[in-house]
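If you want the building blocks of each chain, they are given just below.
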Amino acid sequence: MSAALLAGLLALRLTSLGMVPLQAAVLQGSQRSTASSAASSTTSSRASSNEKKPPLRQAYVGDASCHSCHKGESSQYSETAHHLTSRFPSSKSIAGSFAPGSNVLHTSNQYLTFEMTSTKDGYFESAVEQLAPSKTLAHTERIDLVVGSGRKGQTYLYWKADTLYELPVSYWTELGGWINSPGYPDGSPRFDKPVVPRCLECHGSFFEWKPPPPNRFNKSSVVLGITCEKCHGPGREHVARYSSKSPLRHETGTAILNPASFPRDRQVDACALCHAGAAEAIAPPLSFVPGEAIDEYLYIPFADKDVPVDVHGNQIQHLEKSRCFQSSRMTCATCHDVHKPQRNAAVFSEHCLSCHKVDACGKYPQLGAEIAKNCVDCHMPLQESEVLVSDTNGRKLKPRVRNHRIAIYPDGSTH
Ligand code: HEC
Ligand code: HEC
Ligand code: HEC
Ligand code: HEC
Ligand code: HEC
Ligand code: HEC
Ligand code: HEC
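Remember, it's a predicted structure, so these values are computed and weren't measured experimentally.

The rules behind each value
Residues numbered from 1 in each chain as written. Chains lettered and ligands numbered in written order. Predicted model: local features only at pLDDT ≥ 70, side-chain atom pairs only at ≥ 80, totals over all residues. Pairing = 2+ DSSP bridges. Helix = DSSP H or I, 4+ residues; strand = E, 2+ residues; numbered from the N terminus. Near = placed C-beta within 6 Å. Domains from an automatic or database assignment.

Moving on to the pairing of strand 7 (residues 153-160). Pairing between strand 6 (residues 145-147) and strand 7: three bridges, direction antiparallel. Bridged to Val 147 within strand 7 is Thr 155. Hairpin connection of strand 6 to strand 7: five residues between the antiparallel strands, including Gly 148 at a positive phi of 115°. In terms of strand pairing, strand 7 meets strand 9 (residues 169-172) through two bridges, oriented antiparallel. In the sheet register, Gln 154 faces strand 9, and the bridge partner there is Tyr 171. Bridge count between strand 7 and strand 8 (residues 163-166): four bridges; the pairing is antiparallel. By the bridge assignment for strand 8, Tyr 158 is matched with Tyr 165. Between strand 7 and the antiparallel strand that follows it, strand 8, lie two residues; Ala 161 among them carries a positive phi value of about 50°.

Here it is as structure tokens:
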């Protein structure tokens, strides 16, 4: 088959999955400065993106196997947002309340309410429509998967045979209550938003994907939570090599990926799989393995300085716009140890001070040493997302996210 024909077929296949083929993406232009750029991709690399295959399920062993030898990295990992980001439903994993009085969500449609109930068969969401004074119609689905650690909120998913859908009611931590799921119109009893593979690729670790339609999966194959091997690559060989008497032990190489030994771009790429916002997939789901160049797998629009990038989930684009990033060897790991929870913004100032002196700040003469504890308040402000919005009962709710463009902001900047 000719390369051009292959590329044509790939474009067709991606379009039919609702993805933008690379060719179209390239026309929009890529402005990324650091990486080997997607814009220079040729027909042949497009074809090779299509040939990429995920590693086999058997190559992965799961987190429990890593714990015995790596206590330092493992002991607090189960408390991290990565580990908790997708779970089966339970009274522990679901943040919302099923208690009468707090289990109802009113909508802007006075004839429609949602009710969340818990029975011995599980946890449910129902849309209750008032058709006449004494006549109601209810549509009920069970919560089968919980997505979101609950730092900001949670969204719930349900299976209809082997297809996966989003439920209409989510949970919002800041409000401490139920909200209309982002993406669903307020006041409408809908349960029809399909869950595409990218959602599970960012919020989970493994699944077998069997389209069409694009939200069809092998239910029992889904591995929830972000596992160690998502960032370190398949671990079976490594475990075999280091388990007691294996003769392979003395062979060269550890047979596991350590991002610290990647070139800088590749270190950032390992996080970009999930932290570069709504990128378009140009290779099959789950085929990216850390250490590789992300732009062979995703088309990430690296906007120029004047184009606003939403704060939600776009840490890579923002950090790369910072002078700190451009003038140093900084990576995400400069500030983040992903093996433990880190929720104290003040502690991050120590990382700033590994490169800056307190008195380098223009505010130092005025505010003094006090600023040493809150560099990020002023230079990485919390800002509202404009893309992740919930329309709830006539109100617009937006989460606040830490802007990763380290810069000088006007005082009180939240936009
Ligand atoms: C039987 C013990 C054992 C198990 C199980 C194990 N490791 Fe290791 N691992 C080691 C040892 C020993 C080293 C140090 C190798 C060296 O420096 O030569 C190591 C090194 C590493 C490194 C650094 C590699 C490098 O090249 O710098 C990473 C990353 C790692 N392990 C991750 C994992 C993950 C993820 C798992 C679970 C899938 C795991 N390990 C399971 C024993 C183990
Ligand atoms: C497989 C996708 C994926 C990869 C790869 C990934 N992340 Fe995440 N990360 C997420 C998701 C999803 C969340 C939000 C989890 C939640 O709260 O439900 C998150 C949350 C975080 C948080 C917030 C944690 C908190 O407790 O507030 C940090 C920090 C973070 N990631 C850093 C990184 C860094 C650094 C890398 C690369 C070394 C990385 N992530 C790689 C998906 C990923
Ligand atoms: C490109 C990767 C990606 C995709 C696709 C994605 N998410 Fe996320 N999601 C993230 C990251 C990263 C965060 C944390 C973002 C932040 O704090 O800026 C997050 C945050 C969330 C949160 C809030 C978690 C918390 O407590 O903070 C929920 C809920 C969520 N996502 C649900 C979903 C659902 C449901 C889908 C699919 C229907 C989806 N996301 C698709 C990467 C992704
Ligand atoms: C979100 C991505 C991510 C996840 C998940 C993750 N790691 Fe890591 N890990 C990293 C990065 C990045 C580094 C390199 C850190 C650095 O640059 O210092 C690393 C380094 C390591 C190292 C080498 C430490 C050293 O001193 O050289 C080991 C061992 C390790 N991780 C084990 C684990 C284990 C075990 C788990 C699961 C409990 C895990 N990791 C989960 C990203 C991750
Ligand atoms: C790895 C080293 C490193 C770290 C960590 C670091 N920076 Fe920087 N930062 C730099 C360098 C280098 C520059 C550019 C200095 C220059 O060009 O004179 C810079 C520039 C800046 C600027 C000027 C920005 C502008 O647009 O003019 C500010 C403000 C700043 N840093 C604040 C911070 C804060 C706050 C933190 C912590 C959240 C931080 N930096 C962390 C290295 C770092
Ligand atoms: C200069 C330090 C620094 C670097 C480098 C850095 N971060 Fe952060 N990050 C922070 C701070 C500070 C917070 C806020 C922590 C808090 O409020 O608890 C944060 C929070 C986050 C969050 C949670 C966002 C939210 O608002 O809930 C994610 C996700 C994240 N970082 C990902 C990344 C990724 C991916 C990279 C690399 C592209 C990165 N960070 C590089 C300092 C840094
Ligand atoms: C109260 C808000 C605030 C805090 C806290 C703060 N800064 Fe600043 N910083 C500013 C402002 C505003 C400027 C620009 C001031 C000016 O030009 O007079 C600035 C300027 C800077 C610059 C650029 C100086 C230059 O000449 O290019 C650096 C670097 C910097 N700050 C680092 C830090 C570090 C590191 C911390 C924490 C130890 C910190 N800042 C804490 C508000 C703050």
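There's more to say after this.
Time to look at the site of ligand 6. Taken together, 21 residues are adjacent to ligand 6, and His 275, Cys 332, Cys 335, Phe 348 and Arg 402 come closest. Contributing elements (two or more residues each) for the shell around ligand 6: helix 10 (264-275), helix 11 (315-320) and strand 19 (400-402). In terms of domain composition, the shell around ligand 6 takes at least three residues from each of domain 1 (1-51 + 263-300) and domain 4 (302-415).

Quick look at the environment of Cys 69 now. Relative to the assigned elements, Cys 69 resides in the loop between helix 4 (63-67) and helix 5 (71-74). In this structure the C-alpha to C-alpha distance between Cys 69 and Tyr 242, which are 173 residues apart in sequence, comes to 9.2 Å.

Everything listed here is a matter of coordinates, which is why it stays silent on function.
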